[in-house]
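Summary of the model geometry
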Amino acid sequence: MAESKKMTQAQLVKKLAETIGVSNKVAKAALDTIAAVAITETKKNKMFTLPGLGKLVLRDTKARMGRNPATGEAIKIPAKKVVKFRIAKACKDAIVPPKKK
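In this report, we go over the structure that sits alongside the text. Values in this document were obtained by computation on a predicted structure and should not be read as measured data. (Residues numbered from 1 in each chain as written. Predicted model: local features only at pLDDT ≥ 70, side-chain atom pairs only at ≥ 80, totals over all residues. Heavy atoms only, no water.)

1. A word on the overall build of the protein chain
Our working definition: Only DSSP runs of H or I reaching four residues or more are called helices, and only runs of E reaching two or more are called strands; each is numbered from the N terminus. Radius of gyration here uses only the C-alpha atoms, and the compact-globule reference equals 2.2 Å multiplied by the residue count raised to the power 0.38. Burial here depends on accessible area, computed with a 1.4 Å probe over protein chains only, as a share of the maximum for the residue type. Under 20% is buried, over 50% is exposed, and the range in between is partly exposed. With residues, only the protein chains shown are counted as cover, and all accessible areas are computed by Shrake-Rupley using a 1.4 Å probe. In this tally, Asp and Glu contribute negative charge and Lys and Arg positive charge; neither His nor the terminal groups of the chain are included. Here the site of a charge means atom NZ of a Lys, CZ of an Arg, CG of an Asp or CD of a Glu.
Looking only at helices and strands, one finds three helices and five strands in the protein chain. Counted from the first residue to the last, the protein chain has its helices and strands arranged as α-α-β-β-β-β-β-α. A compact globule built from 101 residues would reach a C-alpha radius of gyration of about 13 Å, whereas the protein chain, at 20 Å, exceeds it by more than 25%. Here the C-alpha coordinates of the protein chain stretch approximately 60 × 40 × 30 Å along the principal axes. Relative to its 101 residues, the protein chain shows a buried fraction of 11%. Only carbon and sulfur atoms are counted for the fraction: they give 62% of the accessible area of the protein chain, which is about 8900 Å². The positive charge centre, built from 24 side chains, and the negative charge centre, built from 7, are 6 Å apart in the protein chain.

2. What to know about the pattern of salt bridges
For the record, the criterion: Here, a salt bridge means any Lys or Arg side-chain nitrogen found within 4 Å of an Asp or Glu carboxyl oxygen.
What the rule picks out here adds up to five salt bridges. Between Asp93 and Lys89 there is a salt bridge, with the nearest N and O atoms lying 2.7 Å from each other. You can see Asp93 and its partner Lys89 sitting in helix H3 (residues 89–95), four residues apart, about one turn around the helix. Overlapping salt bridges, with partners in common, bring together Lys46, Asp60 and Lys81 in one network.

3. Examining unusual backbone geometry
The phi torsion of most residues other than glycine is negative, and most of the peptide bonds are trans. One non-glycine residue, Lys46, adopts positive backbone phi at about 65°. Residue position: Lys46 is located in the loop between helix H2 (24–45) and strand S1 (47–50).

4. As for the pairing of strand S2 (residues 54–61)
Rules: Only when DSSP finds a minimum of two bridges between them are two strands counted as paired.
Bridging between S1 and S2 involves four bridges; their strand directions are antiparallel. Paired with Leu50 across the strands is Gly54, a residue of S2. In textbook terms, the turn of a hairpin is the stretch between consecutive antiparallel strands, and for S1 and S2 this stretch comprises three residues, one of which, Gly52, has a positive phi near 90°. Inspection of the sheet shows S2 paired to strand S5 (residues 80–87) by eight bridges, in the antiparallel sense.

5. Description of the packing of helix H1 (residues 9–20) against H2
Inclusion rule: Helix axes are fitted only over the stretch in contact, all axes being lines through C-alpha atoms; the angle between N-to-C directions runs from 0 to 180 degrees. For classification purposes, an angle smaller than 35 degrees is called roughly parallel, one larger than 145 roughly antiparallel, one from 65 to 115 roughly perpendicular, and anything else oblique. Take the far helix as your reference; a near helix turned counterclockwise from it by less than a right angle gives a left-handed crossing, and one turned clockwise gives a right-handed crossing. Residue contacts are defined here by distance: any two heavy atoms, one from each residue, within 4.5 Å place the two residues in contact. Three residue categories are used. Nonpolar comprises Ala, Val, Leu, Ile, Met, Phe, Trp, Tyr, Cys and Pro, charged comprises Asp, Glu, Lys and Arg, and polar comprises the others, including Gly.
Two numbers describe how H1 lies on H2: the axes approach to 8 Å, and their chain directions differ by 110°. The angle between the axes of H1 and H2 places the two elements in the roughly perpendicular class. Handedness of the crossing formed by H1 with H2: right-handed. Of the residues in H2, those touching H1 at Gln9, Leu12, Val13, Lys14, Leu16 and Ala17 are Asn24, Ala27, Lys28, Leu31 and Asp32. Grouping the amino acids of the contact of H1 with H2 by side-chain chemistry returns six nonpolar, two polar and three charged.

Structural data, given as structure tokens:
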């Protein structure tokens, strides 16, 4: 099996700069701004949509009872906030085409 390499932030910045015809510094600033806006909007509105990719959603989970898998002992899991990323249908279909019926 061939080992796949993950794209680094530097590679993403370079690709973005080449595609839109700006310097790497400008592309990095744009990427940093998108990330900052996503964090701010998710905190404020509990949701941020990145068109074509998906949306960040902030959810509150309720407290619940769980079980320690090692001992089988019942434990209380406290309520907490979690951030989830929901993939847009168009993005999912582009990566994994739907099966034909």
